[in-house]
Amino acid sequence: MSPAATVASMSIYKASSTARLRDDDYQRIAAAIRWIDTHASEQPSSADIAAAAGLSEAHFSRLFRRWAGIAPGRYLKHRTLLAARAALDRGATVLDAALDSGLSGPGRLHDLFVSIDALSPGEYKQGGAGLLLRFGEAKTPFGPVFLLRSARGIVELGFCGARSANAMLDDAAMRWHAAEFMPDETAQATVDQAFFGDQTGLVLNPVGTNFQLKVWQALLTIPPGAAFSYADVATLLGKPSASRAVGNAVGANPIAFLIPCHRVLRANGGLGGYRWGPERKSIMHAWEHCQALATTN
């Protein structure tokens, strides 16, 4: 079945926990987290934070806990602690700061057994001839994503943002012009496993050069809540002078979140770029910090 014939059947597969994944929840909590980050030095009360979000304190607390896994006050304390550590240790590298933060230990989201089984260059050059690619749109805590997978694993996972899933499907159909495309009725279940469930057994099936694949493998070793610089990743690869090449490979990552390019920052701790938007990158960091903290409750 061709993309043109199937694009009309594209639908959003709703998660069983629909309320948890409503798009307006993401937007509201993302705005609240930005507000907390901006006003953390003022140590606002829970009532202040709720008022800034335009909700009652009780309603906001429930919504924040449902989305982030912890109370807003605990997240504020965490941000305060991070700021204090940064002030005391300005000379540390991003890698050292991440490892010293206590966030590199095991947690629910760090129980990763994701592997990469890359598509061959030949398969890509042939436009995916002989491949059956299943596509779908699904909800995540950070907005909808477009998912493309083969029988071997996830080929692409990208946030829709300002672009529709249909437009992303059109792009995929151009890249894989010789492949067969079919709707994926399990798209939401796959995405739920990636963001909320046991990731054991998830296989990623991207296409990339040998160097890109090595970089993406290195990114899989960065634990949630931690952040490495491009130089740190280059050092992991045994190529400390290859920061620029690493940056290019990070930017070419076709699988959001599972290949965690959002955990790579500038050497000075700045966010840097992100193909799915720097604001989403910032909120993903905050969410992962919350998830790491939730495991200590």
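What you are looking at is a predicted structure, and each value in this text was computed from that prediction instead of being measured. (Residues numbered from 1 in each chain as written. Predicted model: local features only at pLDDT ≥ 70, side-chain atom pairs only at ≥ 80, totals over all residues. Heavy atoms only, no water.)

### Comments concerning the overall build of the protein
Right, so step 1: Helix and strand counts for the protein come out as 13 helices and 9 strands.
Right, so step 2: The buried share among the 297 residues of the protein stands at 47%.
Right, so step 3: Taking the intrachain contacts of the protein between residues at least 6 apart in sequence as the baseline, contacts between residues at least 24 apart amount to 70%.
Right, so step 4: With the model as given, the accessible surface of the protein reaches about 13,500 Å², and the carbon-plus-sulfur share is 54%. (Helix = DSSP H or I, 4+ residues; strand = E, 2+ residues; numbered from the N terminus. Buried < 20%, exposed > 50% of the residue type's maximum accessible area, 1.4 Å probe, protein only. Contact = heavy atoms within 4.5 Å. Areas by Shrake-Rupley, 256 points an atom, 1.4 Å probe, with all protein chains shown as cover.)

### Quick word on the environment of Arg134
Right, so step 1: With respect to the helices and strands, the residue Arg134 is situated in strand β3 (residues 132-138).
Right, so step 2: For Arg134, a relative accessible area of 28% corresponds to the partly exposed category.
Right, so step 3: For the pair Arg134 and Leu148, spaced 14 residues apart in sequence, the C-alpha separation works out to 5.7 Å.
Right, so step 4: When residues no more than four places from it in sequence are discounted, the contact partners of Arg134 are Leu147, Leu148, Arg149, Met182, Pro183 and Asp184.

### A word on the pattern of salt bridges
Right, so step 1: Summed over the entire model, instances satisfying the criterion amount to 6 salt bridges.
Right, so step 2: In this structure, Glu123 and Arg152 form a salt bridge, with 3.2 Å as the shortest nitrogen-oxygen distance. Of the two residues, Glu123 sits in helix α7 (residues 121-125) while Arg152 sits in the loop between β4 (145-150) and β5 (153-159), which places them 29 residues apart along the sequence.
Right, so step 3: Take Glu123: its relative accessible area is 21%, and that puts it in the partly exposed class. (Salt bridge = Lys/Arg side-chain N within 4 Å of Asp/Glu carboxyl O.)

### A look at unusual backbone geometry
Right, so step 1: A positive phi is found at Gln43, a non-glycine position, where the angle reads about 50°.
Right, so step 2: Given a relative accessible area of 44%, Gln43 falls into the partly exposed group.
Right, so step 3: Residues other than glycine seldom take positive phi values, yet Phe257 does so here, at roughly 70°.

### Some words on the packing of helix α10 (residues 210-219) against helix α12 (residues 243-251)
Right, so step 1: Remark: α10 packs on α12, axes separated minimally by 9 Å, with the N-to-C direction vectors making an angle of 80°. Classified by the angle their axes make, α10 and α12 are roughly perpendicular. Counted together, Phe211, Gln212, Val215, Trp216 and Leu219 of α10 and Ala245, Val246, Ala249 and Val250 of α12 form the full contact between these two elements.
Right, so step 2: Broken down by class, the residue content of the contact of α10 with α12 amounts to 8 nonpolar, 1 polar and no charged. (Axes fitted to C-alpha atoms, helices over the stretch in contact; angles between N-to-C directions. Parallel < 35°, antiparallel > 145°, perpendicular 65-115°, else oblique. Nonpolar A, V, L, I, M, F, W, Y, C, P; charged D, E, K, R; others polar.)

### Quick word on the side chain of Glu156
Right, so step 1: Tracing the backbone through its elements, the reader meets Glu156 in strand β5.
Right, so step 2: Within the structure, Glu156 has its side chain in polar contact with the side chain of Trp176 (distance 3.4 Å).
Right, so step 3: Glu156 has contacts with Phe146, Leu147, Leu148, Ala172, Arg175, Trp176, Pro254 and Ile255, leaving out every residue within four places of it along the chain. (Polar contact = N/O pair within 3.5 Å; in protein donor to acceptor, adjacent residues only side chain to side chain.)

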